There are 2 protein chains.
Amino acid sequence: MDLSSLSYASRFDHVSGSAIREIFKVIAQPGMISFAGGNPSLAALPDDIVAPIAKQVLQDNGKAILQYGATEGYPAFVESLRAYVKSHLQLDLPSVLPVTGSTQAMDLLCKALINPGDRIIVENPSFLGNLQCMKLYEAELVPVNSDEEGLDPDHLEHLIQETKPKLIYTIPTFQNPTGRTLSLSRRKRVAELANQYGVVVAEDDPYRDLRYRGRELPTIKSFDENGWVVFLGSFSKVISPGLRVGYMAGDAGILRKCTIGKQSSDVHTANLSQAIVDQFLRQDLLADHIRRISAAYAQQCDAMLSHLASFPAGVSYTRPEGGLFIWVELPEGLNAKELLNQAIEQKVAFVPGTHFFADGGHENTLRLNFSGSTLTQIDQGMSILKDLIQ
Amino acid sequence: MDLSSLSYASRFDHVSGSAIREIFKVIAQPGMISFAGGNPSLAALPDDIVAPIAKQVLQDNGKAILQYGATEGYPAFVESLRAYVKSHLQLDLPSVLPVTGSTQAMDLLCKALINPGDRIIVENPSFLGNLQCMKLYEAELVPVNSDEEGLDPDHLEHLIQETKPKLIYTIPTFQNPTGRTLSLSRRKRVAELANQYGVVVAEDDPYRDLRYRGRELPTIKSFDENGWVVFLGSFSKVISPGLRVGYMAGDAGILRKCTIGKQSSDVHTANLSQAIVDQFLRQDLLADHIRRISAAYAQQCDAMLSHLASFPAGVSYTRPEGGLFIWVELPEGLNAKELLNQAIEQKVAFVPGTHFFADGGHENTLRLNFSGSTLTQIDQGMSILKDLIQ
């Protein structure tokens, strides 16, 4: 029988693969200036630190690293991670679960909580990869309005009352794709609403350590009284995405369900990756490393912002205090997909904003990443974009 | 609101976590002789080889390894994996997808294919971890009879006609938990039935390289004419489970769906793990390593079998030609869970066979693993079991 008679699971009916990852393939040409990715800069990747650490941990604990590990995590890393989460996020006695990148955290949380048809409130726009994850669990995405201070808590409360969601998904700090940060008062309010209505909040906060100005804000989780907030952390943006190490911190019962789900997802996260991140925490290498890369990213961010300041009137953009992204709105009527096609001809790439909206639309928006480009590339690429828009 | 009002997804209604993994915690006491695991022996884990490789690949390609990778796999590894699959499994021009242990392969295949209520034919008994995976996709498990030559193809055809399954799951070589191997003629027949009726076969074959006697058999996949068979491979048993590197080989369309599913599972498998396995293939280190560990495992297997030969009449057991497990049937009326409780008191552990059956029962069966114990431990532990049974 021919394989064309094979039918796939219905969870794929409305999912065709990440549009961003397809764009990546088109733009993976030599000489391309890419503002499209969300990658750390190559200079920020600590290969000189990791190479000797990898050898050392294998010499010291090679058998344990190469053997099967516990789904609950590599013991030394669980220990240092708990201490890190406690001191760094001011969370008292947290339960933690190491995961294979915070993408897996979202997957496990959906696995634990979401039945087909359940509603998830998402920022609009939001992170494409996790929107795809929710769609594969056949959740109904409910977009909440947001402004310069992040998601609008009044609209959030209205939507909670109206749609009775199972989950609220938010990226509170230097959001992907907008670069916006949820204000302090709204953080408190989100935690209160979660507790008041009994809705789980997934606080996805991978960028919080990449702050270039302004004051650090407490997590939503820190205002959580009854365990409704699950914090999703990542070492991808501050050490290495290629190692695939993230974590969940939250209620022990919720994390237990995620642990059972993880048993049949990948048994456990690669021990060697966990052991390497453990050494960054244990040897206290992280703060210095983050200081160094943040100084460089701040320059790249400022360079891109100063170019945007000279763009034609009618172009607006966010001024993020950290993270990796700037969000741009072109004058109504301009189409970012068409702009991308023209830009690619001149070897410049970005991601059209429409991909980040649960319901599409917003064709005049785009996301710019500054971390993956040198100052020279930013100068060249932004000049080309400016000319194209004019 | 108290978190006790939280309800979890219905896929967890009949899943409470791997019973084996819970047993592991109970028996993780110092001095325990464990025939319970499925772990490689510590002596078989090549930490002395991996430590310098890890440092070297990070020195040579550190930026690419620490950066985000493609969901489709680390390019050098994809190249060497394709060559390996072609020469080693005699598969012509296969599509391959590196995954985070072959456990993830099963998860992605279910994600791609299984709607709630879909039927999956499984050997009875079968590998517990993957049975749990199928249950989390709310599949209905249909057990097929098996005997010394593996699953019974006549019963399989009957069940295909009767239940119209979406998937057939088989571990054809040195099966977990029985140690049995599907015969050559049955391998052909399974491939034919899959093609005749249009059912996908998941050929899970992690143990095939651990052969201590007898002749190597071709894969089911090698008899597959139209792409219905997906081969699930693993480097966990022959290099290291802690690295979490497995692969799928099969039809490009099916693997494309699995790749989209993997985007939101973990984006990609840890590059460092892929780069290390790549070096084993590229430097041709695998064959020698497998020869070395197989020689040791064969001794352990023989030692356990020679003890079993002296067990009381009425105790039957399999005589595997490879792999990690021997399957024991006690006389009817004896209960392996009770035997385990008594054995644990004398510091010996194994897994009661009932856990491996989709519908439970078979209380007089048990699985013994020989790879995780020294010859001395096998002598001590098997003597204790013999005394307890007598």
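1. Here we look at the overall build of chain A
Part 1 of the reasoning: Helices and strands together make up the secondary structure of chain A, namely 12 helices and 15 strands.
Part 2 of the reasoning: In summary, chain A has a C-alpha radius of gyration of 21 Å against a globular reference of 21 Å for 390 residues, a match within 12%.
Part 3 of the reasoning: Here the C-alpha coordinates of chain A stretch approximately 60 × 60 × 50 Å along the principal axes.
Part 4 of the reasoning: Counting every position in chain A, which comprises 390 residues, the buried fraction comes to 56%.
Part 5 of the reasoning: Counted over contacts in chain A with a minimum sequence separation of 6, partners at least 24 positions apart contribute 75%.

2. As for the interface of chain A and chain B
Part 1 of the reasoning: Opposite the 72 residues of chain A that make contact, chain B presents 72 residues.
Part 2 of the reasoning: Only helix 2 (47-66), helix 4 (102-113), helix 5 (128-136), helix 7 (184-197), helix 8 (252-263) and helix 9 (271-282) of chain A provide two or more residues apiece to the side of chain A that touches chain B.
Part 3 of the reasoning: A total of 12 residues in the side of chain A that touches chain B trace back to one element, the largest contributor, which is helix 2 of chain A.
Part 4 of the reasoning: Split by residue class, the side of chain A that touches chain B holds 30 nonpolar, 31 polar and 11 charged.

3. Details of the domain arrangement of chain A
Residue and element names in this part refer to chain A.
Part 1 of the reasoning: Segmenting chain A into domains produces domain 1 (3-46 + 287-389) and domain 2 (68-283).
Part 2 of the reasoning: Taking only C-alpha atoms, the centre of domain 1 and the centre of domain 2 are 23 Å apart.
Part 3 of the reasoning: Taken together, the 31 residues of domain 1 in the interface contact 32 residues of domain 2.
Part 4 of the reasoning: Of all elements in the fold, only helix 1 (19-27), helix 10 (286-308) and strand 12 (325-329) reach the threshold of two or more residues within the side of domain 1 that touches domain 2.
Part 5 of the reasoning: The element best represented in the side of domain 1 that touches domain 2 is helix 10, accounting for five residues.
Part 6 of the reasoning: The class makeup of the residues in the side of domain 1 that touches domain 2 is 18 nonpolar, nine polar and four charged.

4. Focus on the packing of helix 10 of chain A against helix 12 (residues 375-389) of chain A
All names here are of chain A.
Part 1 of the reasoning: Between helix 10 and helix 12, the least distance of the axes is 10 Å, while the angle of their chain directions is 20°. Taken together, the axis directions place helix 10 and helix 12 in an arrangement best described as roughly parallel. Both helix 10 and helix 12 take part in a crossing whose hand is right-handed. Residues Gln299, Gln300, Ala303, Met304 and His307 of helix 10 lie in contact with helix 12, whose contacting residues are Leu375, Ile378, Asp379, Met382 and Lys386.
Part 2 of the reasoning: By residue class, the composition of the contact of helix 10 with helix 12 is five nonpolar, three polar and two charged.

5. A few points about the nonpolar core
Grouped burial of nonpolar side chains is what soluble globular proteins tend to show.
Part 1 of the reasoning: Val201 and Met248 of chain A together with Val201 and Met248 of chain B are the most contacted members of the largest nonpolar core, which has 228 residues in total.
Part 2 of the reasoning: Excluding residues within four positions of it along the chain, valine 201 of chain A makes contact with Ile168, Thr170, Val190, Ala194, Ile220, Trp228, Val229 and Val230 of chain A.

6. Observations concerning the sheet that holds strand 15 (residues 365-369) of chain A
Residues and elements named next belong to chain A.
Part 1 of the reasoning: Across the sheet, four strands lie side by side as 11-12-15-14; this open sheet has antiparallel pairing. Each of the sheet's edge strands pairs with one partner strand only, and the pair in question is strand 11 (316-317) and strand 14 (351-352).
Part 2 of the reasoning: Taken together, the five bridges between strand 12 and strand 15 define a ladder with antiparallel strand orientation. Counterpart to glutamate 329 in the pairing with strand 15 is threonine 365.

7. As for helix 5 (residues 128-136) of chain B
All names here are of chain B.
Part 1 of the reasoning: Most of helix 5 sits inside the fold, with eight of its nine residues counted as buried.
Part 2 of the reasoning: All buried positions along helix 5 are accounted for by Leu128, Asn130, Leu131, Gln132, Cys133, Met134, Lys135 and Leu136.
Part 3 of the reasoning: Of the residues flanking the end of helix 5, it is glutamate 138, one or two places downstream, whose phi is positive at about 60°.

8. Examining the sheet that holds strand 9 (residues 229-234) of chain A
Residues and elements named next belong to chain A.
Part 1 of the reasoning: Ordered by their spatial adjacency, seven strands build an open sheet running 2-10-9-8-7-3-4, and the pairing between neighbours is mixed. Taken across any chain shown, the strands that pair with only one partner, and hence form the sheet edges, are strand 2 (95-99) and strand 4 (140-144). Each adjacent strand pair in this sheet contributes to an overall mean axis angle of 20°, direction not counted.
Part 2 of the reasoning: Two elements, strand 2 and strand 10 (residues 246-250), share five bridges in a ladder whose sense is antiparallel. Residue pairing across strands places serine 95 opposite glycine 250, the latter belonging to strand 10.
Part 3 of the reasoning: Most of the contacts of helix 6 (residues 153-163) go to strand 4, to which it runs at about 150°, and overall it touches strand 3 (119-123) and strand 4.

Rules used throughout
Residues numbered from 1 in each chain as written. Chains lettered and ligands numbered in written order. Predicted model: local features only at pLDDT ≥ 70, side-chain atom pairs only at ≥ 80, totals over all residues. Helix = DSSP H or I, 4+ residues; strand = E, 2+ residues; numbered from the N terminus. Rg over C-alpha atoms; globule rule 2.2 N^0.38 Å. Buried ≥ 20, exposed ≤ 12 C-beta atoms within 10 Å, placed from the backbone. Contact = placed C-beta atoms within 7 Å. Nonpolar A, V, L, I, M, F, W, Y, C, P; charged D, E, K, R; others polar. Domains from an automatic or database assignment. Axes fitted to C-alpha atoms, helices over the stretch in contact; angles between N-to-C directions. Parallel < 35°, antiparallel > 145°, perpendicular 65-115°, else oblique. Left-handed = near helix turned anticlockwise from the far one by under 90°. Core = buried A, V, L, I, M, F, W, Y, C linked by C-beta atoms within 7 Å. Pairing = 2+ DSSP bridges.

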